[in-house]
Each structure stands twice: as structure tokens, then as C-alpha cells.
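Coordinate inspection notes
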Amino acid sequence: MTLTTISYLNQLKSDGCKFAALTAYDFCFARLFSNEGIQVLLIGDSLGMTIQGHDSTLPVTIKDMVYHIAAVRRGAPQALIIADMPFMSYATLQKTFKNAAQLIQAGSNVVKLEGGAAFIVDTVRMLTERAVPVCGHLGLTPQSVNILGGYKIQGRSEASAQRLLADAQALEAAGAKLLVLECVPISLAECITKSLSIPVIGIGAGNVTDGQILVMHDAFGFTNHNTPKFVKNFLAETGNIRTAIHQYIAEVKAETYPAIQHSFE
């Protein structure tokens, strides 16, 4: 498999070709996903819930992220790896530079930050100037769960939709190379995706974004919690994890996943 780069994802967007991504946290699954055709992997702070058993992402540390990034990189040397900067690890510019450097040195290609224009635009600009590629994250931002009052759909009112669109455009202007858009109505996801030149990766944002991402435990039915509306268990349909990966990729490319029943209006 050839090396996956941001430039390659930009070309896919330009060509109108969708791409599928998954979270990964260890060597074995990273190697499996990469070998079966997943070119973009996210080491998410979701590991706080899926791996560590917490009830949120908030306890995850930079040390945790570095450990899992290194393992995933060894398993998927050709993949584009995005890594979350965990809660409060980018609270100040000094902390941001130090922590982002650790994630890149561990093997990540891109660091992901949650939040809108007022919060992180300067941070994105400063990281970009220092050769650290940034992925923004808008909509439902799990690190803000205590502010949001739970895991709720975002952007349903006209005012909040306009705010998310403005935030997305501001993040791109500041230098963000990618954007994750989580749990927003399809119409808003389409508007944001079309307004940006950078690739937009959706989770609970309909089939209108440039790419899709799922937490691996959700995609293969490994979790015990209530399944979010946007999740499809591909392993249950296929009975074989390799076939499930191929089906996920194929359905994303064909725009049959996420279907309307996996989306918000």
C-alpha cells in the first residue's frame, strides 16, 4: 500500500471520491485495518471509554495517547494517522506546542483539536506555522460534554448552524488541513462540506461529507453501551471482520452508508 497523505485526501475530495476511516488503538487492529484497505486511522481519546472503561474521554492523558500512537504506527506504517489532543492538553500555547510535538514524534501525522473559532483559531494558526498539521473537530465535541449537557445533536437551530459554518470556515482559514464533523443535521453537513476546500470527515453527519469515520468498537459491535443512531454493525451483517471492513469501505464509497436511518435531519 502506498503512503496516504493529506494531499491524497485533497485529491479524493476534488475527484468526488469518498473515503472510509476507523479508530485504532493497538498494533494488531491497526495492521488489520491497513492491510484490508483503511488508509486513515484515528487514535481517538475515545480510548478513555473503549479501552480504559471510563464514562467519558476526559481522563485521557498525553502519555496515554503517545503509547497508543506508537503501537498503531508500528501496525500501519503507510496510513495517515490522526491523533486527538486530549482534554486540557492545548489549554495554552506553550502546553500545545509541547504536547503536539510528543504526538507527532510518536508517529501521528495530524493532531486533532476540538472547538470553534473563538477557542482554537490562534492555536491552529500557530501549530500550522510550526509544521504541525491540524484537524479541527466541530459539532458534538466530547471534551465539552459537561458544557453541552450530554452527547446531543448540534447545529439544529439557525443560529447554531450559522455559528458552526463560520467556525469551520475560520478553522480552514487558520490552516486546518482536515475537519471532523460530528452529530449534525445532513443539510448543515452538506453546506459545510461544500463551503470548504479541505476534506470533511463525518460521524453522524450523513453521507454528504468527503469521508466517514467510526469508532472501531461501534463498527463491529464490540461495545456494551447504547448504540448511537449513526452506527451500523458491519460485523453482524457479514460474520467476518475482514469482510466487514471491506463492506464498510464499499458502502462509504457508494454513499449507501450512512443511510437516512443513520443520519439526523
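Residues numbered from 1 in each chain as written. Predicted model: local features only at pLDDT ≥ 70, side-chain atom pairs only at ≥ 80, totals over all residues. Heavy atoms only, no water.

1. Points about the overall build of the protein
Looking only at helices and strands, one finds 12 helices and 8 strands in the protein. Taking 18 Å as the expected radius of gyration for a compact globule of 265 residues, we find that the protein reaches 17 Å, a close match to that expectation. The principal-axis extents of the C-alpha atoms in the protein amount to approximately 45 × 40 × 40 Å. Counting only residues that meet the buried cut, the protein has 55% of its 265 residues in that class. Within the protein, contacts between residues at least 6 apart in sequence are counted, and of these 63% link residues at least 24 apart. For the protein, the accessible area works out to roughly 11300 Å², and carbon and sulfur atoms hold 53% of it. Computing the positive centroid from 20 side-chain charges and the negative centroid from 21, the protein places the two 5 Å apart. (Helix = DSSP H or I, 4+ residues; strand = E, 2+ residues; numbered from the N terminus. Rg over C-alpha atoms; globule rule 2.2 N^0.38 Å. Buried < 20%, exposed > 50% of the residue type's maximum accessible area, 1.4 Å probe, protein only. Contact = heavy atoms within 4.5 Å. Areas by Shrake-Rupley, 256 points an atom, 1.4 Å probe, with all protein chains shown as cover. Lys, Arg positive; Asp, Glu negative; His and termini not counted. Charge placed at Lys NZ, Arg CZ, Asp CG, Glu CD.)

2. Structural notes on unusual backbone geometry
Trans peptide bonds make up most of the peptide bonds, and negative phi angles are found at most residues other than glycine. Omega for the peptide link from Tyr257 to Pro258 comes to -5°, which places this bond in the cis form. Tracing the backbone through its elements, the reader meets Pro258 in the segment after helix H12 (241–254). Positive phi, normally seen in glycine, also occurs at Met88, with a value near 65°. Inspection of the secondary structure puts Met88 in the loop between strand E3 (80–84) and helix H5 (93–106). Met88 sits in the partly exposed class, given a relative accessible area of 46%. Here Ala131, not a glycine, exhibits a phi torsion of approximately 65°, which is positive. If you trace the backbone, Ala131 turns up in the loop between helix H6 (117–129) and strand E5 (134–139). Residue Ala131 is classed as exposed on the basis of its relative accessible area, which comes to 67%.

3. Digging into helix H4 (residues 62–75)
For H4, spanning 14 residues, the distance from its first C-alpha to its last is 20 Å, which sits close to the expected 20 Å at 1.5 Å a residue. Of the residues making up H4, those classed as buried are Ile62, Met65, His68, Ile69, Ala71, Val72, Arg73 and Gly75. Turning to H4, the residues buried within the fold contact helix H2 (27–35), strand E2 (40–43), helix H3 (47–50), E3 and H5. (Expected span 1.5 Å × (residues − 1).)

4. What about the side chain of Thr23?
Tracing the chain through its elements places Thr23 in strand E1 (residues 19–23). Taking relative accessible area as the criterion, Thr23 reaches 2% and is therefore assigned buried. Polar side-chain contacts of Thr23 include one of 3.1 Å to the side chain of Tyr25. Here the side chain of Thr23 touches Met216 through a polar contact of 2.9 Å, landing on its backbone nitrogen. (Polar contact = N/O pair within 3.5 Å; in protein donor to acceptor, adjacent residues only side chain to side chain.)

5. So, the packing of aromatic side chains
Tallied over the full model, the rule gives 7 aromatic pairs. With a centroid separation of 6.2 Å and an interplanar angle of 65°, the aromatic rings of Tyr248 and Tyr257 are classed as edge-to-face. You can call Tyr248 buried: its relative accessible area is 0%. Each residue in the set Phe29, Phe33, Phe220 and Phe222 is aromatic and connected to the rest through ring pairs, giving one cluster. (Phe/Tyr/Trp six-rings, centres within 6.5 Å; stacked < 30°, edge-to-face > 60°.)

6. Comments concerning the environment of Ile241
Within the fold, Ile241 resides in helix H12. For the pair Ile241 and Leu32, spaced 209 residues apart in the sequence, the C-alpha separation amounts to 9.3 Å.

7. Concerning the side chain of Lys112
By the element assignment, Lys112 lies in strand E4 (residues 110–114). Polar contacts involving the side chain of Lys112 include one to the side chain of Asp84, which spans 2.6 Å. In this structure, Lys112 is in contact with Leu42, Ile82, Ala83, Asp84, Met85, Cys135, Gly136, His137 and Val180, ignoring residues within four places of it in sequence.

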